[in-house]
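Each chain, written out:
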Amino acid sequence: MEPAESPFRIILGSSSIARRKILAEMGYEFALMSADIDEKSIRTEKPEELVMALAKAKADAIVSKLQTSDDQKKDVIPSILIASDTAEGKPKLHSGEDKDAEPTLLITCDQVVVYDGTIREKPSSEEEARQFIKDYSGKHAATLSSVFVTNLKTGFTKVDCDKAEIYFHEIPDDVVEKLIEEGLVLRVAGALIIEHPLVAPYVKNLMGTSDSVMGLPKALTEKLLKEAVNS
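Just so you know, these numbers come straight off a predicted model, no measurement behind them.

Attention now goes to the overall build of the protein chain. Helix and strand content of the protein chain: 6 helices and 10 strands. For the protein chain, with 231 residues in total, the buried portion stands at 48%. Put simply, 75% of the contacts in the protein chain that link residues at least 6 apart link residues at least 24 apart. Put simply, the protein chain shows about 11400 Å² of open surface, and 49% of that area lies on carbon and sulfur atoms.

What follows covers helix H1 (residues 17-25). Among the residues making up H1, those that are buried are Ala18, Arg19, Ile22 and Leu23. For H1, the angular spread of the buried residues around the axis is 125 degrees, confining them to a single face. At the C-terminal side of H1, Gly27 shows a positive phi close to 95 degrees.

This part takes up helix H6 (residues 218-229). With 12 residues, H6 extends 16 Å between its outermost C-alpha atoms, agreeing within 8% with the 16 Å of an ideal straight helix rising 1.5 Å per residue. Within the span of H6, buried status applies to Leu220, Thr221, Leu224, Leu225, Ala228 and Val229. Projected onto a plane normal to the axis of H6, the buried residues spread over an arc of 155 degrees and lie on a single side. Residues Ala219 and Lys226 are exposed on H6 and point more than 90 degrees away from its buried face.

Parameters and conventions
- Residues numbered from 1 in each chain as written.
- Predicted model: local features only at pLDDT ≥ 70, side-chain atom pairs only at ≥ 80, totals over all residues.
- Heavy atoms only, no water.
- Helix = DSSP H or I, 4+ residues; strand = E, 2+ residues; numbered from the N terminus.
- Buried < 20%, exposed > 50% of the residue type's maximum accessible area, 1.4 Å probe, protein only.
- Contact = heavy atoms within 4.5 Å.
- Areas by Shrake-Rupley, 256 points an atom, 1.4 Å probe, with all protein chains shown as cover.
- Arc of directions from axis to C-beta.
- Expected span 1.5 Å × (residues − 1).

In structure tokens:
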């Protein structure tokens, strides 16, 4: 898909491969930044409130970075920003130069998995990741994914979250061990990756969308972007 001609600029404040892929599929060009916050310092018992609070905290951190950058080099403005909870690789930041052009929109995200009423974030160890995946075997879990959009020109902000439920077939122990050995499940909420070739055959049913489970619900993101750019 060719990049969309949009009336705004976008920055992806994350090197999450899944989110980058989804945003590209939506037709957008974007730059990358990271939030670098202490996520454990923000706690709440309700998963919806937690993911939205974390997304807001990431937005606040990135806005602060951008303000510092503007003070240092006032003739450079980033494109569009999405900050998330997963970091891989070393993103490059591409900038525009026309201050009076279209607004810049900042998108920040967060995600948790909810299993048996308990909030799960990134596993703290291989053993915890192993237990997470074994728990899903023959059962189900839900993902809560937040999207927080800030119009950096007007100050408008809007946040919402999307839920998806995943039902699993029995997952063989050898598949679990291959996932742990590979290591990718250690870097995602709840050690849950339904699009992984080793996991996909054991997904029995999905109530919701795969892009939501992957961390960036397309429909919600489009809705909030439109609201922000018209603010």
